[in-house]
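Spelled out from the first residue to the last, the chains are:
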Number of protein chains: 2
Amino acid sequence: MSRILIIEDEKNLARFVELELKHEGYDTQVELNGRTGLQAALDDNFDVILLDLMLPELNGMEVARRLREKKNTPIIMMTARDSVIDRVSGFDHGADDYIVKPFAIEELLARIRALLRRIQIENDQQKSNKKSVTFKDLTIEKDSRIVRRGDEVINLTKREYELLLTLMENVDVVLARDVLLTKVWGYDSEVETNVVDVYIRYLRNKIDRPGENSYIQTVRGTGYVMRS
Amino acid sequence: MSRILIIEDEKNLARFVELELKHEGYDTQVELNGRTGLQAALDDNFDVILLDLMLPELNGMEVARRLREKKNTPIIMMTARDSVIDRVSGFDHGADDYIVKPFAIEELLARIRALLRRIQIENDQQKSNKKSVTFKDLTIEKDSRIVRRGDEVINLTKREYELLLTLMENVDVVLARDVLLTKVWGYDSEVETNVVDVYIRYLRNKIDRPGENSYIQTVRGTGYVMRS
DNA sequence: GTACTTGTTTGAAAATATATTACAAAAAGG
DNA sequence: CCTTTTTGTAATATATTTTCAAACAAGTAC
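Residues numbered from 1 in each chain as written. Chains lettered and ligands numbered in written order. Predicted model: local features only at pLDDT ≥ 70, side-chain atom pairs only at ≥ 80, totals over all residues. Heavy atoms only, no water.

Enquirer: Looking at this structure, how should I read the overall build of chain A?
Expert: Within chain A, the secondary structure is distributed over 8 helices and 12 strands. The C-alpha radius of gyration computed for chain A amounts to 22 Å, which surpasses the reference 17 Å derived for 228 residues by more than 25%, pointing to a less compact arrangement than a globule. For chain A, the proportion of contacts with a sequence separation of at least 24, taken over those separated by at least 6, is 55%. When the accessible surface of chain A is summed, it comes to about 12100 Å², and 46% of that surface belongs to carbon and sulfur atoms. Taking the average location of the 35 positive side-chain charges in chain A and that of its 40 negative ones, the two points are 4 Å from each other. (Helix = DSSP H or I, 4+ residues; strand = E, 2+ residues; numbered from the N terminus. Rg over C-alpha atoms; globule rule 2.2 N^0.38 Å. Contact = heavy atoms within 4.5 Å. Areas by Shrake-Rupley, 256 points an atom, 1.4 Å probe, with all protein chains shown as cover. Lys, Arg positive; Asp, Glu negative; His and termini not counted. Charge placed at Lys NZ, Arg CZ, Asp CG, Glu CD.)

This is how it looks when you write it as structure tokens:
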């Protein structure tokens, strides 16, 4: 079930849209001003955000801009009647679609469906599309499988490479040993979890510089993480 | 078993719906007008209220509005087809879903199930789905497991972290020692309840500032709580 | 005030988690 | 085949955490 955040200060409209969306089976949340709306959008992972342009405390444009610094949650901007300028700058600030008030609920529903579909397709494509991954001065070129620390090329074995890639594709997410095990060794692997530790050590030997803190942090009792 | 209140003046329809709901295993009660319906809804704790829009003595909109002043019992509004205009124009009545008469009983059942599920999920999820949790100037980022008091990062062990998270996901709820034990140490843990006290102390040492009141309050004879 | 209950603090032992190492088995590359 | 490299295991060492229990402090009831 898709989750939709409604940021709208006109309570009646917010309530009405919420009801309609729930009726359609979406999971919704309403925030009545820009500040709490932005907070909710950052704290939580919504599939779509319906964002009013005119908001108290923090206007819609500003909410979109600040959200975009951290996240790519798709935004449908709700603007007052035909202000073309708003439209243009709305897109500039990271809206993915817009709808002009007053609108028929059916049109909104159609736009949400279209956006969800579009995002879905983009996501599928994008995952396999990123060509390189970076963490500080470490880079991985996926096509060539070349790993560099600064200018220096680092030779990794297959397992080492995949373990590092997994960690680097999840910067700031603590990954438990068994998660790493299924991601790198496969869901049906029957190796001891200790191999993860051993490979972390191999990686640390190859990528870290003596005296400096390791790029790969241990979170005792939980797993490993590369912290930005 | 879920309890459902049916507020509907057409006796045949009310009777039919009641029968079907009982057949599905719900516990039901019927009220035939708005006044007694509202009274019943206030007096008793139902899981869902089926509310007809057109009612004698007090119409559905008014029932919903007055109920909402006191309670958040989920409401499914039953509207006639031609009152669709009502919902579009300014309605602020506090329904959680609606169904248009005449409806197939299966649709009603599906909407009740969906609503019950939604409520359930909302209750749990608001806690566990968020990426971060906040209490005053304390924040927890769940992915990275980083805990901050203001700008300062606080290092917690696994147990400390889970205990704090549990307390912060239940702000203003007093949690008994044995509840904390099952939530943090697991339902089959066999440690003394005193370890909870010990860990509360560790947490206080790490998160409180000298001279200030502790963020974690003791409720003598009961347990601990973080009060907002 | 005294007895009693409940919560706090402590230090040390026990349990656990992680790091490190050496080595054998398996795979890859000639 | 033989050599080299990679992979996984197991044992040991080290570091950290968890737990317990006892002493102490603070409330509560009489």
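Structure's up, so let's keep going.
Enquirer: Where do I start with the pattern of salt bridges in this structure?
Expert: Side-chain pairs of opposite charge can arise where the charged atoms are in close proximity. Inspection of the entire model under this criterion finds 42 salt bridges over all chains. In this structure, A:Glu141 engages A:Arg148 in a salt bridge whose closest nitrogen and oxygen atoms are separated by 3.2 Å. Here A:Glu141 falls in the partly exposed class, since its relative accessible area comes to 37%. B:Asp27 serves as the salt-bridge partner of B:Arg3, at 4.0 Å between the closest nitrogen and oxygen. One end of the pair, B:Arg3, is in strand 1 (residues 3–7); the other, B:Asp27, is in strand 2 (residues 27–31), and 24 residues separate them in sequence. Via salt bridges that share partners, A:Glu8, A:Glu10, A:Asp52 and A:Lys101 belong to a single interconnected network. (Salt bridge = Lys/Arg side-chain N within 4 Å of Asp/Glu carboxyl O. Buried < 20%, exposed > 50% of the residue type's maximum accessible area, 1.4 Å probe, protein only.)

Enquirer: Help me out: how do you make sense of the protein's contact with DNA strand D in this one?
Expert: Taken together, 25 residues form the shell around DNA strand D, and within it A:Thr157, A:Arg159, A:Trp185, B:Arg159 and B:Trp185 come nearest. In DNA strand D, atoms within 4 Å of the protein come 76% from sugar and phosphate. Within the side chain of A:Asn194, one N or O atom sits 3.3 Å away from a base nitrogen of DNA strand D. For the surface near DNA strand D, the secondary-structure elements that each account for two or more residues are helix 6 (158–168) and helix 8 (194–207) of chain A together with helix 6 (158–168) and helix 8 (194–207) of chain B. When grouped by side-chain class, the residues that make up the surface near DNA strand D number 12 nonpolar, 4 polar and 9 charged. (Near = heavy atom within 4 Å. Polar contact = N/O pair within 3.5 Å; in protein donor to acceptor, adjacent residues only side chain to side chain. Nonpolar A, V, L, I, M, F, W, Y, C, P; charged D, E, K, R; others polar.)

Enquirer: Before we go on, may I ask you to explain the layout of surface pockets in this structure?
Expert: Summary: where empty space remains is shown by rolling a probe the size of a single water molecule over the atoms. The calculated volume of the largest pocket comes to roughly 2200 Å³. In terms of lining residues, the largest pocket is bounded by 48 residues, among which A:Asn45, A:Lys70, A:Lys71, A:Asn72 and B:Lys131 are the most central. Only helix 2 (34–43), helix 3 (60–70), helix 5 (105–127) and strand 6 (132–135) of chain A together with strand 6 (132–135), strand 7 (138–141) and strand 8 (146–149) of chain B provide two or more residues apiece to the lining of the largest pocket. At 7 residues, helix 5 of chain A tops the list of elements feeding residues into the lining of the largest pocket. Its residues assigned to classes, the lining of the largest pocket shows 11 nonpolar, 16 polar and 21 charged. (1 Å grid on protein atoms, 1.4 Å probe; cavity = no way out; pocket = protein on both sides within 12 Å on 5 of 7 lines; lining within 4 Å. Points joined across faces, edges and corners; volume = space filled by probe spheres on them.)

Enquirer: Looking at this model, I keep getting lost on the interface of chain A and chain B. Mind explaining?
Expert: How big an interface is tends to be reported as the loss of accessible area on association of its parts. Opposite the 20 residues of chain A that make contact, chain B presents 23 residues. Between chain A and chain B, roughly 2200 Å² of surface is buried when both sides are summed, and carbon and sulfur atoms account for 45% of that area. Counting the surface chain A buries against chain B, the share from its top three residues, A:Leu19, A:His23 and A:Asp43, is 27%. Taken together, chain A and chain B are joined by 0 salt bridges. Counting across the chain A and chain B interface gives 11 residue pairs in polar contact (both at pLDDT 80 or more). At 7 residues, the largest contribution of residues to the side of chain A that touches chain B is made by helix 1 (residues 11–23) of chain A. (Buried area = accessible area lost by both parts, 1.4 Å probe.)

Enquirer: Explain helix 1 of chain A to me, please; I cannot follow it from the model alone.
Expert: Since the α-helix advances by 3.6 residues per turn, residues separated by three or four positions end up pointing in the same direction. All names here are of chain A. Over its 13 residues, helix 1 runs 18 Å from end to end, which matches the ideal 18 Å to within 8%, given 1.5 Å per residue. With 11 of 13 residues buried, helix 1 lies mostly within the body of the structure. Turning to helix 1, its buried residues are Leu13, Ala14, Arg15, Phe16, Val17, Glu18, Leu19, Glu20, Leu21, Lys22 and His23. Downstream of helix 1 by one or two residues, Gly25 has phi in the positive range, about 95°. (Expected span 1.5 Å × (residues − 1).)

Purely geometric stuff here, so don't read any function into it on its own.
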